[in-house]
Amino acid sequence: MQEKIDKLVRPEIRALAAYHVPAANNLIKLDAMENPFSWSAELRTAWLEALQTVEINRYPDPAARELQVSMRAAMAVPASAAVILGNGSDELIQMIIQTVAAPGRVVLAPDPTFVMYRQIATVANMGFVAVPLQADFSLNECAMLEAIDEQQPAVTFLSYPNNPTGNLFNADSLRKLLSRAEGLVVVDEAYAPFADASFMPDIGQYDNLLVLRTVSKMGLAGLRLGLLAGPPAWLEQIDKTRLPYNISVINQATGHFALAHGEVFAAQARAIRTQRAALMSGLQALKQLTVYPSEANFILFRTPRGQATGLFEGLKSAGILIKNLDGSTASLQDCLRVTVGLPEENAAFLTALRELLQAG
Ligand SMILES: *Cc1c(COP(=O)(O)O)cnc(C)c1O
């Protein structure tokens, strides 16, 4: 069988590692940028009530029109922009890439950034060009412009704020890239609920700007629902790559219900931002660490040389799961990433980390 696999599966697929999600059995889960707040009993009851009317025997509305209306409102999409909903924004990244994929074409993104851009480009048989960020993880504007001129990427992805570094790239730099690039430029705003910046109002000012959003980091990671906004002519093409009925009746009803209670999630985002500040000062007080600024719901920090994996494992033994980025890419050597959790979870994390650093 292996012989057949080797013959039929493209080498770049065989070389890929499947997206790995570690088990979190009973650990305090601070690894995946999830919103830590669960729903109140009242909200749960009202949600199940709303699901009573779902016609599970029927195909969903293929365009999810009712949900589109609530998503547009929740995400302040300009009236002149078109939108497409996806089964998570990952699916929308896949649709964008499939629309422009052709032999010899490349996808471009800074490095480090969200790993799915490279993964999906590779699966679509496209090249991938990674332009290193500066040492402080800011965008290297010159290098990006040069790469855009030389490589003529079909699409450039910019995570804004950037995952896994947490910072917002300079908006003027992004505007320069948008003006220079012939290809699409996707500004991925997965962490918009925790930042005070967005390119959503700029849609239409550039003929190549697309903006991606998701409800995952806002508090609905289990739902799988993302939104792509952009010029109608572009979205008309991208929508042809969408599988019909990609948003189930359950997702449509639940998304619509949840966004009708948008104030719940807005309050949670405010609480997470307050907690982010507390976690930031707690980490900064640990003088052995280099802590990077964050406009997202997670914080990246660098440990003393060679200690990241030991600290990661030590935290796990103490019942706390974060993300070990050491070894993922050169500039993230000795780096760990922690998601902002509940106050007591953040406190438990800080206490355990302080003790591990003192013991080490
Ligand atoms: C988490 C994340 C996504 C994926 O979001 P889903 O909607 O859950 O698929 C997309 N982009 C970035 C930058 C992310 O960090």
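Shown above is the structure to which this text applies.
What counts, and at which threshold
- Residues numbered from 1 in each chain as written.
- Predicted model: local features only at pLDDT ≥ 70, side-chain atom pairs only at ≥ 80, totals over all residues.
- Heavy atoms only, no water.
- Helix = DSSP H or I, 4+ residues; strand = E, 2+ residues; numbered from the N terminus.
- Buried < 20%, exposed > 50% of the residue type's maximum accessible area, 1.4 Å probe, protein only.
- Near = heavy atom within 4 Å.
- Polar contact = N/O pair within 3.5 Å; in protein donor to acceptor, adjacent residues only side chain to side chain.
- Areas by Shrake-Rupley, 256 points an atom, 1.4 Å probe, with all protein chains shown as cover.
- Salt bridge = Lys/Arg side-chain N within 4 Å of Asp/Glu carboxyl O.
- Pairing = 2+ DSSP bridges.
- Phe/Tyr/Trp six-rings, centres within 6.5 Å; stacked < 30°, edge-to-face > 60°.
- Axes fitted to C-alpha atoms, helices over the stretch in contact; angles between N-to-C directions.
- Contact = heavy atoms within 4.5 Å.
- Patch = residues over 30% accessible without salt bridge, like charges linked within 9 Å, V, L, I, M, F, W, Y side chains within 5 Å.

Visitor: Explain unusual backbone geometry to me, and be specific about the residues and the numbers.
Guide: Across residues other than glycine, the phi torsion is negative in most instances, and most of the peptide bonds are trans. Of note, the bond from Tyr 160 into Pro 161 is cis; its omega dihedral lies within 30 degrees of zero at -5°. For Pro 161, the location among the structural elements is in the loop between strand S5 (155–159) and helix H8 (171–180). A cis geometry characterises the amide bond from Asn 163 onward to Pro 164, with omega recorded as 10°. Among the structural elements, Pro 164 can be located in the loop between S5 and H8. The backbone of Gln 152 sits at a positive phi, close to 45°, despite the residue not being glycine. Position of Gln 152 relative to the elements: it lies in the loop between helix H7 (141–151) and S5. Classification of Gln 152 by relative accessible area gives partly exposed; the value is 42%.

Visitor: Could you give me a rundown of the site of the ligand, with the residues and numbers involved?
Guide: Around the ligand, 14 residues are found, and the nearest of them are Asp 188, Tyr 191, Thr 214, Ser 216 and Lys 217. A distance of 2.7 Å separates an oxygen atom of the ligand from a polar atom in the backbone of Ser 89. Residue Thr 214 places a side-chain N or O atom 2.5 Å away from an oxygen atom belonging to the ligand. For the ligand, the protein covers 93% of the area, taking 390 Å² as the surface of the free molecule.

Visitor: I'd like to hear about the pattern of salt bridges, residue by residue, with values.
Guide: All told, the structure shown has 13 salt bridges when counted by the stated rule. Its salt-bridge partner being Arg 65, residue Asp 61 comes within 3.1 Å of it at the nearest N-O pair. Among the ionic pairs, Arg 180 bridges to Asp 149, the shortest N-O distance being 2.4 Å. Here Arg 180 is found in helix H8, whereas its partner Asp 149 is found in helix H7, with 31 residues between them in sequence. Residue Arg 180 is classed as partly exposed on the basis of its relative accessible area of 40%. Judged by its relative accessible area of 37%, Asp 149 falls in the partly exposed class. Taken together, the salt bridges that share partners define one network made up of Lys 29, Asp 31 and Glu 34.

Visitor: So what about the sheet that holds strand S12 (residues 323–324)? Which residues, and what values?
Guide: The strand order S9-S10-S13-S12 describes an open sheet built from four strands, whose pairing is antiparallel. Every other strand in the sheet has two partners, leaving strand S9 (290–291) and S12 as the edge strands with one partner each. Alignment of strand S10 (residues 298–302) against strand S13 (residues 335–339), held across five bridges, turns out to be antiparallel. Considered in S13, the bridge of Ile 299 is made with Val 338.

Visitor: Just give me the short version of the packing of aromatic side chains, but keep the residues and values in it.
Guide: Within this structure, the stated rule accounts for ten aromatic pairs. With 5.2 Å between their ring centres and 70° between their planes, Trp 39 and Trp 47 make a pair best called edge-to-face. You can call Trp 39 buried: its relative accessible area is 16%. Here the aromatic rings of Trp 39 and Phe 265 are separated by 6.2 Å at their centres, their planes lie at 65°, and the arrangement is edge-to-face. With Trp 39 in the loop between strand S1 (28–29) and helix H3 (41–51) and Phe 265 in helix H12 (residues 262–284), the pair connects residues that are 226 residues apart, well separated along the chain. Three or more aromatic residues link up through ring pairs in this structure, and these residues are Trp 39, Trp 47, Phe 257 and Phe 265.

Visitor: I'd like to hear about the sheet that holds strand S4 (residues 127–132), residue by residue, with values.
Guide: The strands making up a sheet associate through backbone hydrogen bonding, with each pair oriented either parallel or antiparallel. Pairing is mixed across the open sheet formed by seven strands, whose spatial order is S2-S8-S7-S6-S5-S3-S4. Two strands lie at the open edges of the sheet, namely strand S2 (82–86) and S4, each paired on one side alone. Across the sheet, the mean angle from the axis of one strand to that of its neighbour is 20°, orientation sign disregarded. The strands that helix H4 (residues 65–74) touches are S2 and strand S8 (226–230); relative to S2, the one it contacts most, it runs at about 110°. Taken strand by strand, helix H6 (residues 116–123) contacts strand S3 (106–111), S4, S5 and strand S6 (184–188), and its axis lies near 160° from that of S4.

Visitor: Explain a nonpolar patch on the surface to me, using residue names and the numbers behind them.
Guide: On the surface, Tyr 19, Val 21 and Val 115 cluster together into a nonpolar patch covering about 320 Å² of accessible area. Within the element layout of this structure, Val 115 appears in the loop between S3 and H6.

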